[in-house]
Amino acid sequence: MTTAAAAVELAPLVRAGTGAAAAFSSSTSQQIPLPRRQRIARAIRASPAPGRSEGASELPAPLLPNARRRGRDPLWYGGGFSLGVDLGNARTGLAVGRGITLPRPLTVLKLRGQKLELTLLDMARQQEADELIIGLPVSADGRETPQSNKVRSVVGRLAVQAAERGLRVYLQDEHGTSIDALDYMISRGVKKSARDVKSDAYAAVMILERYFRSSGQGAKIVLPRQLELQDKLIAQSRRDSEI
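Computed from a predicted model, the values in this text were never measured in an experiment.

Caption draft 1: Representation of the environment of Ala203 within the structure. In this structure, Ala203 sits in helix 7 (residues 192-213). The spacing of Ala203 and Thr92 is 111 residues in sequence and 9.6 Å in space, taken between C-alpha atoms. In contact with Ala203, other than residues within four places in its own chain, are Asp86, Thr177 and Ala181.

Caption draft 2: A look at the pairing of strand 7 (residues 129-136). Within strand 7, eight of the eight residues are buried, which leaves it mostly tucked inside the rest of the structure. For strand 4 (residues 81-86) and strand 7, the ladder comprises five bridges, and the chain directions are parallel. In the strand pairing of strand 7, Gly84 is matched with Ile133. Where strand 7 and strand 8 (residues 168-173) come together, six bridges link them in parallel fashion. Within strand 8, the residue paired with Glu131 across the bridge is Arg168. Handedness of the crossover is the feature at issue here: the chain leaves strand 7, passes through helix 5 (residues 146-164), returns alongside strand 8, and the resulting connection is right-handed.

Caption draft 3: Examining the side chain of Glu131 more closely. Mapped onto the elements, Glu131 comes out in strand 7. Its relative accessible area of 0% is what places Glu131 among the buried residues. At 2.6 Å, the side chain of Glu131 and the side chain of Tyr211 are in polar contact. What Glu131 contacts, discounting residues up to four positions off in sequence, is Pro65, Asn66, Ala67, Phe81, Ser82, Leu83, Arg168, Tyr170 and Tyr211.

Caption draft 4: Main features of helix 6 (residues 177-187). What helix 6 keeps buried is the set Thr177, Ala181, Tyr184 and Met185. Along the axis of helix 6, the buried residues cluster in a sector spanning 100°; they form a single face. Structural note: helix 6 exposes Ile179 and Ser187 on the side pointing more than 90 degrees away from its buried face. As for helix 6, its buried residues are in contact with helix 7.

Caption draft 5: Expanded view of the nonpolar core. Counting 29 residues, the largest nonpolar core has Leu63, Ile133, Tyr202, Leu208, Tyr211 and Ile221 as its most contacted members. Among the secondary structure elements, those contributing two or more residues to this core are helix 5, helix 6, helix 7, strand 9 (220-224) and helix 8 (227-242). Ranked by size, the runner-up nonpolar core spans 25 residues in total, among them Val85, Leu121, Leu132 and Ala159.

What counts, and at which threshold
- Residues numbered from 1 in each chain as written.
- Predicted model: local features only at pLDDT ≥ 70, side-chain atom pairs only at ≥ 80, totals over all residues.
- Heavy atoms only, no water.
- Helix = DSSP H or I, 4+ residues; strand = E, 2+ residues; numbered from the N terminus.
- Contact = heavy atoms within 4.5 Å.
- Buried < 20%, exposed > 50% of the residue type's maximum accessible area, 1.4 Å probe, protein only.
- Pairing = 2+ DSSP bridges.
- Right-handed = clockwise from strand over helix to strand, strands pointing away.
- Polar contact = N/O pair within 3.5 Å; in protein donor to acceptor, adjacent residues only side chain to side chain.
- Arc of directions from axis to C-beta.
- Core = buried A, V, L, I, M, F, W, Y, C linked by side-chain atoms within 4.5 Å.

The following block contains the structure:
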């Protein structure tokens with residue numbers, strides 16, 4: 001992740017007290033009381049190398065993606081909608097869903113930089129979403145690409161602003177979703193003349209469909225480094241889940 005991306009990625013399952021988590025705990029031992037330090041050591045680690053898997057303990061429940069919490073507990077009705085985001089160099093497609101029915105396409109934004117980031121956050125609130133599921137480009141063998149770094153840079157900045165508003169941000173493997181989107185548009189009867197215009201929004205639909213189909217198992221949360229923002233995000237997520 002670039003230096004501009006002030007965020008730490010969390011995997012759905014992490015190893016307690018090892019690697020970057022242990023280093024983080026050691027470097028902050030003078031500022032963080034013991035119980036909090038132990039919690040952070042369990043939850044936070046740096047992004048793994050491509051292809052490397054982590055296992056063991058869970059993230060705190062308020063930081064789990066909604067689809068995963070619903071998958072674990074069918075009686076859990078908390079959480080809001082999920083905003084699917086297909087980030088592109090010139091166009092960004094949006095979709096929304098909650099996993100009960102198929103996600104629906106929203107719009108395609110032709111924005112970049114801060115205007116794009118602020119619009120994404122505004123759209124999330126308009127759609128009553130409490131999480132953003134953003135596609136991460138990877139190759140067929142699961143390795144990250146130069147485009148992956150560009151997406152991570154945007155998502156790192158976005159995660160800070162999202163946490164300030166109590167919104168969680170996740171990365172979801174989007175490999176093959178453009179092809180899936182084309183097949184889906186054809187099956188839905190979208191006219192050929194409209195497919196290019198709507199393709200990014202339908203790619204966002206495919207990102208959400210993959211997220212819900214896997215019960216959020218592949219979604220990785222991105223958190224700001226600031227501890228006060230992490231605490232704010234956890235508190236807001238708890239309140240949202242109780243509504």
